[in-house]
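Take a look at the letters that make up each chain.
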Amino acid sequence: MTTLASSPLQSGRAPLREIASGFDVEKVRADFPILHQQAHGHPLVYLDNAATSQKPKAVIDAIVRYYENYNANIHRGVHYLSERATAEYEAARKSVQAFLHAARPAEIIFVRGATEAINLVAQTYGRVHVGAGDEVLITAMEHHSNIVPWQMLCEEKRAKLRVAPINDAGELIPKEFEKLLGPRTKIVAVVHVSNALGTVNPIATIVEMAHARDIPVLVDGAQAAPRMPVNVQDLDCDFYTFSGHKTYGPTGIGVLYGKLPLLEAMPPYQGGGEMISSVSFEKTVFNKVPHKFEAGTPDISGPIGLRAALEYLDRLGMDNIARYEHELLSYATEKVSAIPGVRLIGTAKEKAGVLSFVMDGVHPHDIGTILDQEGIAIRTGHHCAQPVMTRFGLDATARASFGLYNTKEEIDALVSGLQKVREVFG
Amino acid sequence: MADLRDLYQELILEHSKAPRNYRELKHADHKAEGYNPLCGDHFTVFVKMEGDHIRDIAFQGSGCAISKASASMMTQSLKGKTKAEAEKLFERFHKVVTGQAVNGDQAELGKLAVFSGVSEFPTRVKCATLAWHTLEAALEGKQESVSTE
């Protein structure tokens, strides 16, 4: 097969150092050990960051340091190791508080990921406040993790799940959204950045409309947290969730932020150790927030690794990261949409990090296999957002999603790979 | 290193673009739906039996090139075969696409041997076998849809 290095699509490469002043991507890449390898005989091009991000050495080292030096159970032991582990675990909570600009550390609850965070709210706040005939409002661009927990709740309570529509660009329609806020709406759950379309939702506006009717808002920040500065006090949302593993931290750890008065009024999620103050067979007194929601021995290395990730992001600056990724996305949008037969899915004015597309006559799965042979990792399928696919009349899309270590050269490689797909399929 | 040409053979590409027996079989006496939830592939396989023989077989649905070509070529190979012959063929086909073929398996497959390249691409085995699993469900008369996940 011929290579397409001389393709006109690849002209006009900009030197990397020029973009996003102050952001040295080669230096960043050196911090990620996994990136420096070959896949199927080609340099690895990792463009599946919306599925999970890679981890900087600082995160891996922090986890190793924990297990090598101070592994112990937390909040219990009177001994040296336990005291140290507890201090590090609680320091991680403060790191997350700073990252989200939350008012208090107690508003940060460690969970397994954004999925568990949403389930926690549905099963505690939701079960108390949502009753028969009530409504939960979500949007048509949610990930399954922000659909199914509410669907389960609504089924149990005989409540109604309402879905705010999106337009052909993949944007929420604020007027339509507002119409669906009714007297029976008990909670709004909305994604900050869509994993399938890349759309950035106007969270502050949504919160304002909901709060005008005293309806609390949960924001699924799984794709936003790694991509832009998040200030939960400015957004004024009531709950915010994100996953460590998409934010350059380890898998198995995630965060639920909740406003303290709400968290205090909510019943516990799971029962067990740590979440109690005292237990007898007659009565259990629950622990204070956040411990009330952290039953059992938690993932201790998780928050420690996450803290290292958040501190790494802080050193680079979330503003710089957002700016750099925006340049990558603009470059990729221009180059990929210029390929004949390629159609972008998700063309919102406000987008971040995600480029979803389809190609005439080629199924996304075949695109994925051919790119993989070129060392390029993308995601193909419905992206755990089947209703989004249905909205656009598709079974699947191909999705390239960017991270802070991706380069314009890698986007050029993606474009060459897509040319190869065309060659194979004719 | 696996070669893409081993996977996307001309015959496979040709069948994926112009699938044979791609229609609803009005008087089917066996029918099943098959899903691959991961990639969204979705096929319905229709069978009309005559005694123990497959008198007619057709399919409809959407999926990747591998799954569609596999469904198309499966329907071609099975017309006129008995149920037992179809089962035997699937067994051989499965061995070939999973790289467990022994002497003779490939030869017995005829044109279907074109799918042997799939064994170099483990993530695509479920694409190649989706139609076959669906056929198996149809012949067994299972009502629920099958999934290759």
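Residues numbered from 1 in each chain as written. Chains lettered and ligands numbered in written order. Predicted model: local features only at pLDDT ≥ 70, side-chain atom pairs only at ≥ 80, totals over all residues.

**Remarks on the interface of chain B and chain A**
Here's step 1: Each partner contributes to the interface: chain B provides 16 residues, whereas chain A provides 16 residues.
Here's step 2: Grouping the constituent residues of the side of chain B that touches chain A by class yields 11 nonpolar, 4 polar and 1 charged. (Contact = placed C-beta atoms within 7 Å. Nonpolar A, V, L, I, M, F, W, Y, C, P; charged D, E, K, R; others polar.)

**Focus on the pairing of strand S8 (residues 217-220) of chain A**
All names here are of chain A.
Here's step 1: Side chains of S8 alternate between two faces, with Val217 and Val219 and Leu218 and Asp220 buried alike.
Here's step 2: Strand direction decides the pairing type here: strand S7 (residues 185-191) and S8, joined by 4 bridges, are parallel. Counterpart to Ala189 in the pairing with S8 is Leu218.
Here's step 3: With helix H7 (residues 203-211) bridging S7 and its parallel neighbour S8, the resulting β-α-β unit is right-handed. (Buried ≥ 20, exposed ≤ 12 C-beta atoms within 10 Å, placed from the backbone. Helix = DSSP H or I, 4+ residues; strand = E, 2+ residues; numbered from the N terminus. Pairing = 2+ DSSP bridges. Right-handed = clockwise from strand over helix to strand, strands pointing away.)

**Overview of the sheet that holds strand S16 (residues 379-381) of chain A**
Residue and element names in this part refer to chain A.
Here's step 1: Read from one edge to the other, the open sheet built from 4 strands follows the order S13-S14-S17-S16, with strand pairing classed as antiparallel. One side of each edge strand has no neighbouring strand; the edge strands of this open sheet are strand S13 (342-345) and S16. Averaged over neighbouring strand pairs, the angle between their axes works out to 30 degrees when direction is ignored.
Here's step 2: Strand contacts of helix H12 (residues 364-373): strand S14 (354-359), S16 and strand S17 (397-401), with the helix running at about 160 degrees to S16, the strand carrying the most contacts. (Axes fitted to C-alpha atoms, helices over the stretch in contact; angles between N-to-C directions.)

**Considerations on the sheet that holds S8 of chain A**
All names here are of chain A.
Here's step 1: Sheet architecture is open: 7 strands sit in the order S4-S10-S9-S8-S7-S5-S6, paired in mixed fashion. Strands at the two margins of the open sheet, each flanked by one partner only, are strand S4 (108-111) and strand S6 (160-164). Taking the axes of each pair of neighbouring strands and ignoring which way they run, one obtains an average angle of 20 degrees across the sheet.
Here's step 2: The strands touched by helix H3 (residues 80-100) are S4, strand S9 (239-243) and strand S10 (254-258); relative to S4, the strand with the most contacts, the crossing angle is about 115 degrees.

**Concerning the environment of His36 of chain A**
Here's step 1: Along the chain, the position of His36 of chain A falls in the loop between helix H1 (25-30) and strand S1 (38-39).
Here's step 2: A sequence separation of 129 residues divides His36 of chain A from Pro165 of chain A, and the C-alpha atoms of the two residues are 42 Å apart.

**Looking at the packing of helix H11 (residues 318-337) of chain A against helix H14 (residues 408-425) of chain A**
Residues and elements named next belong to chain A.
Here's step 1: The interhelical angle for the contact between H11 and H14, taken along N-to-C directions, is 20 degrees, at an axis separation of 10 Å. In terms of axis orientation, H11 runs roughly parallel to H14. Seen from above, H11 lies across H14 with right-handed handedness. Where H11 approaches H14, its residues Leu328, Tyr331, Ala332, Lys335 and Val336 are matched on the opposing element by Lys408, Ile411, Val415 and Leu418. (Parallel < 35°, antiparallel > 145°, perpendicular 65-115°, else oblique. Left-handed = near helix turned anticlockwise from the far one by under 90°.)

**A word on the domain arrangement of chain A**
All names here are of chain A.
Here's step 1: Split into domains, chain A comes out as domain 1 (8-47 + 317-425) and domain 2 (59-315).
Here's step 2: Each of domain 1 and domain 2 has a C-alpha centre, and these two points are 29 Å apart.
Here's step 3: Between domain 1 and domain 2, the contact holds 22 residues from the first and 21 residues from the second.
Here's step 4: Of all elements in the fold, only H11, S14 and helix H13 (386-391) reach the threshold of two or more residues within the side of domain 1 that touches domain 2.
Here's step 5: When residues in the side of domain 1 that touches domain 2 are grouped by element, the largest group, 5 residues, is from H11.
Here's step 6: Looking at the side of domain 1 that touches domain 2 residue by residue, the class counts come to 12 nonpolar, 5 polar and 5 charged. (Domains from an automatic or database assignment.)

**Details of unusual backbone geometry**
Residue and element names in this part refer to chain A.
Here's step 1: Following Val289, the chain continues to Pro290 via a peptide bond in cis, the omega torsion being 5 degrees.
Here's step 2: As for its position among the elements, Pro290 is in the loop between strand S12 (284-286) and helix H10 (301-316).
Here's step 3: Even without being glycine, His75 reaches a positive phi, approximately 60 degrees.
Here's step 4: You can see His75 is positioned in the loop between helix H2 (57-70) and H3.
Here's step 5: Backbone geometry at Glu274 places phi at a positive 70 degrees, although glycine is not the residue there.
Here's step 6: Residue placement: Glu274 occurs in the loop between helix H9 (260-265) and strand S11 (276-279).
Here's step 7: For Glu274, a count of 17 C-beta atoms within 10 Å translates into the label partly exposed.

**Details of the environment of Val25 of chain A**
Residues and elements named next belong to chain A.
Here's step 1: Positionally, Val25 belongs in helix H1.
Here's step 2: Looking at Val25, the number of C-beta atoms within 10 Å reads 20, which means it is buried.
Here's step 3: As for Val25 and His326, which are separated by 301 residues in sequence, their C-alpha atoms are 14 Å apart.

**Examining helix H2 (residues 10-17) of chain B**
Residues and elements named next belong to chain B.
Here's step 1: All of the buried residues along H2 are Ile12, His15 and Ser16. Buried residues of H2, viewed axially, fall in a sector of 100 degrees; they line one side. Those residues of H2 that are exposed and angled more than 90 degrees off the buried face are Glu10 and Glu14.
Here's step 2: Against helix H3 (65-78) lie the buried residues of H2. (Arc of directions from axis to C-beta.)

**A short note on the pairing of S17 of chain A**
Residue and element names in this part refer to chain A.
Here's step 1: Counted residue by residue, S17 has 5 buried out of 5 residues, so it is predominantly covered.
Here's step 2: Side chains Thr397, Arg399 and Ser401 of S17 all project onto a buried face; the interleaved residues Ala398 and Ala400 project onto the opposite face, where all are buried too.
Here's step 3: Of the pairings in the sheet, the one linking S14 to S17 comprises 4 bridges and is antiparallel in character. When the sheet's bridge partners are listed, Phe357 is paired in S17 with Ala398.
Here's step 4: Bridge analysis of S16 against S17 gives 3 bridges, and the strand direction is antiparallel. Paired with Thr380 across the strands is Ala398, a residue of S17.

**So, the environment of Pro174 of chain A**
Residue and element names in this part refer to chain A.
Here's step 1: If you trace the backbone, Pro174 turns up in helix H6 (residues 174-179).
Here's step 2: Its 14 C-beta neighbours within 10 Å are what place Pro174 among the partly exposed residues.
Here's step 3: For the pair Pro174 and Asn201, spaced 27 residues apart in the sequence, the C-alpha separation amounts to 9.9 Å.
Here's step 4: The contacts of Pro174, once residues within four sequence positions are left out, are Pro202 and Thr205.

**Regarding the confidence of the model for chain B**
Here's step 1: Confidence in the prediction for chain B averages 90 pLDDT; 93% of positions are at 70 or higher.
Here's step 2: Here the predicted complex scores 0.91 on pTM and 0.88 on ipTM. (pLDDT = per-residue confidence, 0-100.)

**Structural notes on the packing of H3 of chain B against helix H6 (residues 125-140) of chain B**
Residues and elements named next belong to chain B.
Here's step 1: Here H3 crosses H6 at 45 degrees, and the two axes come no closer than 6 Å. The orientation of H3 relative to H6 falls into the category oblique. Regarding H3 and H6, the two cross each other, and that crossing is right-handed. Packed against H3, whose contacting residues are Ile66, Ser67, Ser70, Ala71 and Met74, the element H6 presents Cys127, Ala128, Leu130, Ala131, Trp132 and Leu135 at the interface.
Here's step 2: Looking at the contact of H3 with H6 residue by residue, the classes come out as 9 nonpolar, 2 polar and no charged.

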